[in-house]
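Observations on the three-dimensional arrangement
If you want the building blocks of each chain, they are given just below.
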Amino acid sequence: MDPTTQALLAALVGALVAGGAVFAWHVSDRQQRAAVPLQQPALPDGVATVLSVLRSSAVVIDSSELVLKASAPAYALGLVRGTRLVSDDLAEMVRQVRRDGQIRETELRLTRPGVPARFVSARVAPLGSRLVLALVEDRTRERRVEEVRRDFVANVSHELKTPVGAIRLLADAMEDAADDPDAVKRFAARMLTESDRLGKLVQQIIQLSRLQADDPLDEPIAVDLDEVIATAVDTSAMAAEDRRIHVLVGGVPGVQVYGNEKQVLAAVSNLVSNAVSYSEPDSTVVVTTRVDEGSVDISVVDQGIGIPAEELDRIFERFYRVDPARHRSTGGTGLGLSIVKHVAATHGGEVRVWSAEGQGSTFTLTLPQHYGTDSTPDDDLSLGSMDDRGRSPGNDEQEERP
């Protein structure tokens, strides 16, 4: 073989070797640059199925602190955003459980911009060797109910102290004035007044508690408003007679509402009692009924002292008093209108008020109408002998109240 051929063969072999080396280098480089797929830890058998049916919020977090699985309530509660836990406190609990494997429970307060804070209870436990399970229950409603209960107990305690303390002071005064018959009679009369107030307060507290525990829709019946109003007026008859207040009843007769008779009676009785208590002597209180598109309005109109406009939004609060001094003289407890509001709410109705200082007040309780076998929606065309203020139909000179 001549030298030229040998040189060509050598050059060809060298080119092949070099090309193979370059190709091998490219293959190796491509393999090194290729992303190695991350192996997600598999959920234990049955966990995904359990999470899908849980009502509570459940989140499974892997060793990289990423959310591997979350139930629908967890997203609705705002616990998870993308693949991360939103709450730093909950994330810290997860890290602590991963470190020592101990189950932890705590109460957390979750806050988000533009959304009211929510109170939750969290229980975090290890799930296998690499996963952590967090179960979160929304306790916001329970917290609010507990706050209302505490406030109610505190208010009740405060309200009970006043008549009990007054009775104690009057008893001491009677003992000191044992030799003065006139003083004894005076103190005894005041003790009777305070004891009546105490009894009324206890009775309304019990009534309100029963109303809250009673669902009017459990066994709803047709409630005859004529009987309810007659009973409510009769209950306040003695107080009205003592103050020479005339109570008139008018409107649509024979109307029925749907619900709980005891609750409806409690609401109407409180409205009539308030009207009599806060009306001036020798005045008139009017109780009327009116039917309007499937609902019934029971209006109680008085000619009392009226309510300032800035107080109207608060008069239905428990134990709230517009004029505490006036309530002491009338024996008011501040619970009557709370009972009315509760009855309206549980029956799917509402209670409204119109009032002006020096002109009196109009309270209107609206309840769903019951259509009996002898009544139809057209029955409301008969308005009776009085309108919703207890006036004759021909008297249109006075200003209408809402």
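Only a predicted model underlies this, so the values are computations on that prediction, with no experimental measurement involved.

**Details of the packing of helix α9 (residues 261-278) against helix α11 (residues 336-346)**
Closest axis-to-axis distance for the α9/α11 pair is 9 Å, and the angle between their directions is 145 degrees. Of the two elements, α9 crosses α11, and the hand of that crossing is left-handed. For the pair α9 and α11, contact is made by Gln263, Val264, Ala266, Ala267, Asn270, Leu271 and Asn274 and by Gly336, Leu337, Ile339, Val340, Val343 and Thr346, respectively. Per-class residue counts for the contact of α9 with α11 are eight nonpolar, five polar and no charged.

**A short note on helix α7 (residues 225-235)**
Those residues of α7 lying buried are Leu225, Val228, Ile229, Ala232 and Val233. With its buried residues spanning 125 degrees around the axis, α7 presents them on a single face. The exposed residues of α7 that point more than 90 degrees off its buried face are Asp234 and Thr235. Of the residues flanking the start of α7, the one acting as N-cap is aspartate 224, its side-chain oxygen 3.0 Å from the backbone nitrogen of aspartate 226.

**Considering the packing of aromatic side chains**
In this description, a pair of aromatic rings is defined by centroid distance and the angle of the planes. Here the structure, examined in full by the defined rule, presents zero aromatic pairs. One Lys or Arg, arginine 186, reaches over the ring of phenylalanine 187 and ends 5.2 Å from the middle of that ring.

**So, the nonpolar core**
Counting residues in each nonpolar core, the largest one holds 39 residues, and the members touching the most others are Val264, Val268, Ile298 and Leu365. The set of elements that each furnish at least two residues to this core consists of α7, α9, β11 (284-292), β12 (295-301), α11 and β14 (360-368). Tallying contributions element by element places α9 first for this core, with eight residues. If you look at the next biggest cluster of nonpolar residues, it comprises 22 residues, including Ala74, Val80, Leu108 and Val120.

**Some words on the sheet that holds strand β2 (residues 67-70)**
Here we have five strands laid out as an open sheet, ordered β2-β1-β7-β6-β5, and antiparallel in their pairing. With partners counted over all chains shown, the strands left at the sheet margins are β2 and β5 (104-112), one partner each. Averaged over all pairs of adjacent strands, the angle between their axes in this sheet comes to 25 degrees, without regard to strand direction.

Cut-offs applied
- Residue numbering note: each chain is counted from 1, following its sequence as written.
- Per-residue local features of the predicted model are confined to residues with pLDDT of at least 70, and side-chain atom pairs are confined, for both listing and counting, to 80 or more; whole-chain, interface and lining totals are unaffected and use all residues.
- The basis for every side-chain value is the complete set of non-hydrogen atoms in the structure, without hydrogens or water.
- Convention adopted: a line fitted to C-alpha atoms gives each axis, helices being fitted over their contacting stretch, and angles between N-to-C directions are expressed from 0 to 180 degrees.
- Under the DSSP-based scheme used, a helix requires at least four consecutive residues in state H or I and a strand at least two consecutive residues in state E, with every element numbered from the N terminus.
- Should the near helix be turned anticlockwise from the far one by less than a right angle, the crossing is left-handed, and should it be turned clockwise, the crossing is right-handed.
- Residue contacts are counted whenever heavy atoms from the two residues lie within 4.5 Å of one another.
- For this classification, the nonpolar set comprises Ala, Val, Leu, Ile, Met, Phe, Trp, Tyr, Cys and Pro, the charged set comprises Asp, Glu, Lys and Arg, and every other residue, Gly included, is treated as polar.
- Throughout, exposure labels follow a simple rule: accessible area from a 1.4 Å probe, protein chains only, divided by the maximum for the residue type, with under 20% read as buried, over 50% as exposed, and the rest as partly exposed.
- Each direction from the helix axis to a C-beta atom contributes to the arc, which is the arc of those directions.
- Here a polar contact means two N or O atoms within 3.5 Å. Within protein one must be a hydrogen donor candidate and the other an acceptor candidate, and residues neighboring in sequence count only if both atoms are side-chain atoms.
- Each Phe, Tyr or Trp ring, with Trp reduced to its six-membered ring, pairs with another whose centre is within 6.5 Å; inter-plane angles below 30 degrees give stacked pairs, above 60 give edge-to-face pairs, and intermediate values give tilted ones.
- To sit over a ring, a charge needs its Lys NZ or Arg CZ within 6 Å of the ring centre and within 35 degrees of the ring normal.
- The set of buried Ala, Val, Leu, Ile, Met, Phe, Trp, Tyr and Cys residues whose side-chain atoms join them within 4.5 Å is what this entry labels a nonpolar core.
- Strands qualify as paired when DSSP identifies two bridges or more between them.

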